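What follows is the residue order along each chain.
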Amino acid sequence: MHDRQARKSQRCNRRGVCRSTVQVDFQDSTMQMRPLVAQDFPELRRWFADPELDEQLGPLDEEWLRHVLADDSGAQFSFVRDAQLVGVAGVVWRGAP
């Protein structure tokens with residue numbers, strides 16, 4: 001088992017919209033969970049070049065990215081370890097349409 005320590009930070013803009021980041025430090029590396037950003041999209045597109053993944057979860061295109069970045073009914077998160085995108089996850093807020 002790895003020794004780990006978690007830290008959470010939050011940044012808010014002038015409109016009161018806040019973005020949180022959770023960082024977990026493992027003994028040999030760091031895993032960070034943060035909101036998905038447009039800069040993650042090229043790596044996600046590479047993942048979806050796999051026909052099986054695209055068939056089950058796709059399509060992943062510019063329209064999807066615009067929707068995800070503007071959607072208030074949920075959130076998409078990126079998981080980064082050692083500066084490499086290793087996963088994404090989405091949530092829909094309870095009671096969202």
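As the structure is a prediction and not an experimental result, all values here were calculated from the model.

### Comments concerning the overall build of the chain
Item 1. The helix and strand inventory of the chain stands at three helices and five strands.
Item 2. Scanning the chain from its N terminus toward the C terminus, one meets helices and strands in the order β-β-β-α-α-α-β-β.
Item 3. Partitioning the intrachain contacts of the chain with sequence separation of at least 6 by distance along the chain shows that 37% fall at a separation of at least 24.
Item 4. As presented, the chain carries roughly 7,500 Å² of accessible surface, and 49% of it is formed by carbon and sulfur atoms.

### Looking at the layout of surface pockets
Item 1. Estimated volume of the second largest pocket: approximately 230 Å³.
Item 2. Forming the boundary of the second largest pocket are Leu 36, Leu 44, Trp 47, Phe 48, Leu 53, Leu 57, Gly 58, Pro 59, Leu 60, Trp 64, Gln 76 and Val 88.
Item 3. For the lining of the second largest pocket, the secondary-structure elements that each account for two or more residues are α1 (41-47) and α2 (51-57).
Item 4. In the lining of the second largest pocket, the residues fall into 10 nonpolar, two polar and no charged.

### Re the pattern of salt bridges
Item 1. Enumeration according to the criterion identifies three salt bridges in this entry.
Item 2. Among the salt bridges present, the one from Glu 62 reaches Arg 45, with a minimum N-O distance of 3.5 Å. Here the residue Glu 62 occupies a position in helix α3 (residues 62-70), and Arg 45 occupies one in helix α1, the gap between them amounting to 17 residues.
Item 3. What makes Arg 45 partly exposed here is its relative accessible area of 40%.

### A few points about unusual backbone geometry
It is generally the case that most residues other than glycine have a negative phi and that most peptide bonds are trans.
Item 1. At Asp 82, a residue that is not glycine, the phi angle is positive and equals roughly 55°.
Item 2. Here Asp 82 lies in the loop between β4 (74-81) and β5 (84-92).
Item 3. With a phi angle near 65°, Ala 83 is a residue other than glycine that sits in the positive phi range.
Item 4. Along the chain, Ala 83 turns up in the loop between β4 and β5.
Item 5. By relative accessible area, Ala 83 is classed as exposed at 77%.

Calculation criteria
- Residues numbered from 1 in each chain as written.
- Predicted model: local features only at pLDDT ≥ 70, side-chain atom pairs only at ≥ 80, totals over all residues.
- Heavy atoms only, no water.
- Helix = DSSP H or I, 4+ residues; strand = E, 2+ residues; numbered from the N terminus.
- Contact = heavy atoms within 4.5 Å.
- Areas by Shrake-Rupley, 256 points an atom, 1.4 Å probe, with all protein chains shown as cover.
- 1 Å grid on protein atoms, 1.4 Å probe; cavity = no way out; pocket = protein on both sides within 12 Å on 5 of 7 lines; lining within 4 Å.
- Points joined across faces, edges and corners; volume = space filled by probe spheres on them.
- Nonpolar A, V, L, I, M, F, W, Y, C, P; charged D, E, K, R; others polar.
- Salt bridge = Lys/Arg side-chain N within 4 Å of Asp/Glu carboxyl O.
- Buried < 20%, exposed > 50% of the residue type's maximum accessible area, 1.4 Å probe, protein only.

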